[in-house]
Each structure stands twice: as C-alpha cells, then as structure tokens.
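Summary of structural features
Residues per chain, in single letters:
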Amino acid sequence: MKKIVLISSILFALILGCRGVKNAQKKNHNSISTTKITKPNVIVIMADDLGYNDVSFNGSKQIPTPNIDRIANEGVKFTNGYVSYSVCGPSRAGFITGRYQQRFGFERNPQYDPSDVNMGLPQDEKTIADRLGSVGYKSGIIGKWHLGANVKNHPLNRGFNEFFGHLGGGHQYFSNMWTIEDSYAINTESQSYRTWLMRDHKPVDPVTTPKYITEEFADESVAFVERNKDNPFFLFLSYNAPHGPLQATQKYLDRFPNISNKKRKTYAAMVSALDDGVGLLLDKLEELKLDDNTIVFFLSDNGGPESKNASDNGILRGAKSSVYEGGFRVPFAIRWKGQIKKGVFDKPVSSLDIMATAVALSGAKTNPAKPLDGVNLIPYLNGEKKEQPHENIYLRKFDQKRFAVRNNEYKLIVIKGRKELYNLENDISETTNIAKESPEQVKKIDEIRKAWNKELIDPIFKGLVHLKKKR
Ligand code: CA
C-alpha cells in the first residue's frame, strides 16, 4: 500500500509540477489553525453495506459521489480503515461503545425481539452518546439503530437526546410499505422493515413522511444541525442505504442510463441519493459556519455484500461477513477543516477510534474497568505521533470459528484451525497464502490472536442466524 501511495504521490507531483506541490503544501500548512477547539461537534455518517470501491474517492468510475468525496478530499482518506466486525449489528455495537463488541458478547446480528432486553447492547456498556452527553453534548441518531428493539435499548435510553428512524436492521424505502404502527408489537425481521418510523418514542404517521427514506433522513440531519448549532452536538447519521431491499426513485435511477444491470443500477441510484444527502448536510455546516468546529466521519458499517446488493469491493477479496479484506475494510474518511491536514493516511485505523477521538477532544471520562480499544486519531493525522495507531487489527467470528489478525503488513486468517498468511503490502487481494513460507510470522501472530481471544466472551444472545429456517 505504501508503495502505491508513494507512486501516486510522485505521479501527482509530476502532473502538478514542483511549484504546484509546494504551493499546495504551503496552503495546507497555512490552513491549519493554531486555535485549539474544545468540544468540537462530531458527526458520524454511516452507510450500510456500501462496497469499498463504490465511492469515487476510492476509485469508483461508475458511481460519482462528489459530496462524500468532499469529506475525503477536504480531510483525510483512510486507505486501511477497518470496522470491528463484518456484519451490521456487531460492527455498530463496536463503533458505538469504542470497544471490541466480543468483549461483551454482541457477536451476532440480533433477532428483532422487543420483549427481550438481552437481545441488544448490554445495559452496562456506555455509548458514545452517553459519554459526550456527560460533558454537555446533545446527541441525535437519525436512521438505523439495530442495537436492540427492547425499550430499554431505545436510543433515548442509551444516551441519545433525539431519535428519528427505525429500530431494526433495515427498512423499506417507501412509506406506502410502512403498515405497522407500533414497533414494539412485532417480533420478526421482515415485519421490522415495515414499521412506521419513530420520532423519539412516538410512531410517525407515514402520511407525514412521504419522501424516499434516504431523503427523509437527509432532511432530518439538516434540521438537527440547525436546532443544535449553538451547543456542542453529536450526530449519528445512520443511513440504511444501500442495504437491501434495493429500491430507488426514478430521479436517482435516471442518473445511471449506462448501467444495464438492474440491480447494479438501483444500487447506484441508492448510493447517489445518499451522496446528495451528505451534500445537504455539508452545505448546512458551511452555511452556519460550523466547518472548523465540526469533525465529520464517513464510513460503511461493513464491506459490500456484492452478490446481494450488487456492491463492489474492488480489488479486495471477499464481501460482507468475510474475514478477508472485503468483509471489514471499508470506505472511511474524516474531515476537520482547519484542524487536520488534507491527505491520505495509509496505516490501519479502526471504527473504534471514533469514540476514542471524540472522548479525548471533548474531555469526557471513560470507565477504566471497560477500557476503549480505539485511539485518538488526531495526533496521528497531524504528525505529532509518527508510529502506527494500532499494532493489531482484530476480527473474530465465533459461530464460523474464524479469525483475522492484521499485524503490520501481515494478516493471519484462521478458519476452523486452518491458518493462512498474507502480505497485504504486496498482495492486497489476498491471493497468495504464504503461511508455509513464513512459519515464524504465523506463530507470532497466532500468539497475539490467542492472547486477544482470552479477553473475549462467548456471544450472549442468539442471532438472526438461528432463525434462518423460520424466516
Ligand atoms: Ca451493514
């Protein structure tokens, strides 16, 4: 990866000419403010099941994402950005607590069951909204929750001040499909896709929300920022797009006349709608002059399930649910205008770093008995810290008996005891298993894996996986 970045930098320099680069560097340098911002606003925009290669900042030619690109181009693009799990629920549990979710047993997509308080985020874990709320932030989540459908796990009971969205793992995109008023009166995954949206604790009559859901969420995000412009805020804009079912309006479908594959065309339209929404939010920040005081993260909750939603993970091997890179290396970028230099960061970072960054900047306290697994990224992005933020990136999939541990350029994969080793620096697509050639690396990283695994517990609730036959 470093080589690729280096070659790209050289090409870039040749194209610009040396003077252009110097000017660009000078401008970048000068644009970094020495003013210390305290309690910056934090926005996390999370896409659902978005492929690594489906944003133009990662090279997509087919789906232009000019607005999402603004985050990456005006900030830092992570080329080695990981989430803590390769499917939705556990990945979100990790992000929202800043801890590997296997530490507290959230290792499966939960079943939609409002009667079971244990089917979701354990009550004794704190969320990023809890932490930021303790130092005066107002927190809102718009979109998908998926961390438990019991009322005790409702976002407003997990640190958030505002909620507009759905409790389950996905949703129908058009309100004429929302036939179930009460989100607590049902108990199947497919029903949960058809509930009325909720505003805080109240079901919202679909007559009042006639827009395509992605547009509803975008407008709500703009209104949230408007309402909270005078106080520190945390916004989790949790789009269900482009997770299935694949549904889009003609407006967005018409942007892709050259894609003949219907699934891919609909998927592209969904991503394009999401991108428009990101544009509205960024425009609002600019209008309210909040850019310098607001950190914006963009990422997907897991890799694209290519065969299901026609997403594209590019050169990465595998897809959603996999322990290969396509499962959990995701499109990931951060912007903090005036505070971090624009560029590309190619050392491994994690979605768990969002919590650690937010609490460090806000001065929020954490519980030493439940330490965070992430780090404050800002000193690394500013060059104050030169080392890599993470010595290891971990993934465990309990039910499949699978692990992945990335250690520097090496990645060990263990599948039911069978070991594979890849050198990601020269084999990003994980094509050549070099376990036999490098037994010492396998041994070293396997020891690291075993030590980490000892810190984890078994899953504490049964998941969707146990319901497959009934669905
Ligand atoms: Ca997902």
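Each residue is numbered by its place in its chain's sequence as written, counting from 1. Owing to the predicted nature of the model, reporting of local features is limited to residues with pLDDT of at least 70; listing and counting of side-chain atom pairs is limited to 80 or more, with chain, interface and lining totals taken over all residues. By convention in this description, side-chain values take in all heavy atoms of the structure and omit both hydrogens and water.

1. A short note on the overall build of the protein chain
The cut-off we apply is this: Numbering of helices and strands runs from the N terminus, with a helix taken as a DSSP run of H or I at least four residues long and a strand as a DSSP run of E at least two residues long. Relative accessibility thresholds used throughout: buried, under 20% of the residue-type maximum; exposed, over 50%; partly exposed, between the two (1.4 Å probe, protein chains only). Contacts are assigned to residue pairs that have any heavy atoms within 4.5 Å of one another. In this description, accessible areas are obtained by the Shrake-Rupley approach with a 1.4 Å probe, and a residue is regarded as covered only by the protein chains that are shown. Here Asp and Glu are counted as negative and Lys and Arg as positive; His is not counted, and neither are the chain ends. For charged residues, the charge sits on one atom: NZ in Lys, CZ in Arg, CG in Asp, CD in Glu.
Scanning the protein chain from N- to C-terminus turns up 14 helices and 16 strands. With respect to the three principal axes, the spread of C-alpha positions in the protein chain is 60 × 55 × 55 Å. Here the protein chain holds 471 residues, and 59% of them are scored as buried. Here the contacts in the protein chain between residues at least 6 apart in sequence split such that 70% fall between residues at least 24 apart. Of the roughly 19,400 Å² of accessible surface on the protein chain, a fraction of 52% belongs to carbon and sulfur atoms. Side-chain charges in the protein chain split into 68 positive and 53 negative, and the spacing between the mean points of these groups amounts to 3 Å.

2. Thoughts on the packing of aromatic side chains
To keep things clear, this is the line we draw: A pair of aromatic rings is counted whenever rings of Phe, Tyr or Trp (Trp by its six-membered ring) have centres within 6.5 Å, and the orientation is called stacked for planes under 30 degrees apart, edge-to-face for over 60 and tilted otherwise.
Applying the stated criterion across every chain, the model contains 16 aromatic pairs. When the centroid spacing of 5.0 Å and the interplanar angle of 85° are considered together, the rings of Phe-106 and Phe-461 count as edge-to-face. Of the two residues, Phe-106 is situated in the loop between α4 (88–97) and α5 (128–133) and Phe-461 in the segment after α14 (439–454); the sequence distance between them amounts to 355 residues. One exposure class covers both Phe-106 and Phe-461, and it is buried.

3. A short note on the nonpolar core
Grouped burial of nonpolar side chains is what soluble globular proteins tend to show. Heads up, the rule is: The definition of a nonpolar core used throughout is a set of buried Ala, Val, Leu, Ile, Met, Phe, Trp, Tyr and Cys residues joined through side-chain atoms within 4.5 Å.
Grouped together as the largest cluster of nonpolar side chains are 66 residues, with contacts concentrated most on Val-44, Phe-78, Ile-96, Phe-234, Phe-236 and Ile-334. When residues in this core are grouped by element, the largest group, five residues, is from helix α12 (residues 353–362). Ignoring sequence-local partners within four residues, the contact set of Ile-96 consists of Leu-121, Lys-126, Thr-127, Ile-128, Trp-145, Leu-147, Phe-160, Phe-236 and Met-355.

4. Quick look at the sheet that holds strand β9 (residues 294–300)
Short version of the rule: Two strands form a pair only when DSSP identifies at least two bridges running between them. Simply put, an axis is a line fit to the C-alpha atoms, just over the touching stretch for a helix, and the angle between two N-to-C directions goes from 0 to 180 degrees.
On the basis of which strands lie adjacent, the open sheet formed by ten strands has the order β7-β6-β5-β4-β8-β1-β9-β10-β2-β11 and mixed pairing. Each of the sheet's edge strands pairs with one partner strand only, and the pair in question is β7 (202–203) and β11 (343–345). Bridge count for strand β2 (residues 76–78) against β11 is three bridges, and the pairing is parallel. Within β11, the residue paired with Val-76 across the bridge is Gly-343. Across the sheet, α4 is in contact with β1 (41–47), β4 (138–144) and β8 (233–238); its angle to β8 comes to roughly 170°. Each of β1, β9 and β10 (332–335) is contacted by α12, which is oriented at about 170° to β9, the strand it contacts most.

Don't take any of this as a statement about function, it's just geometry.
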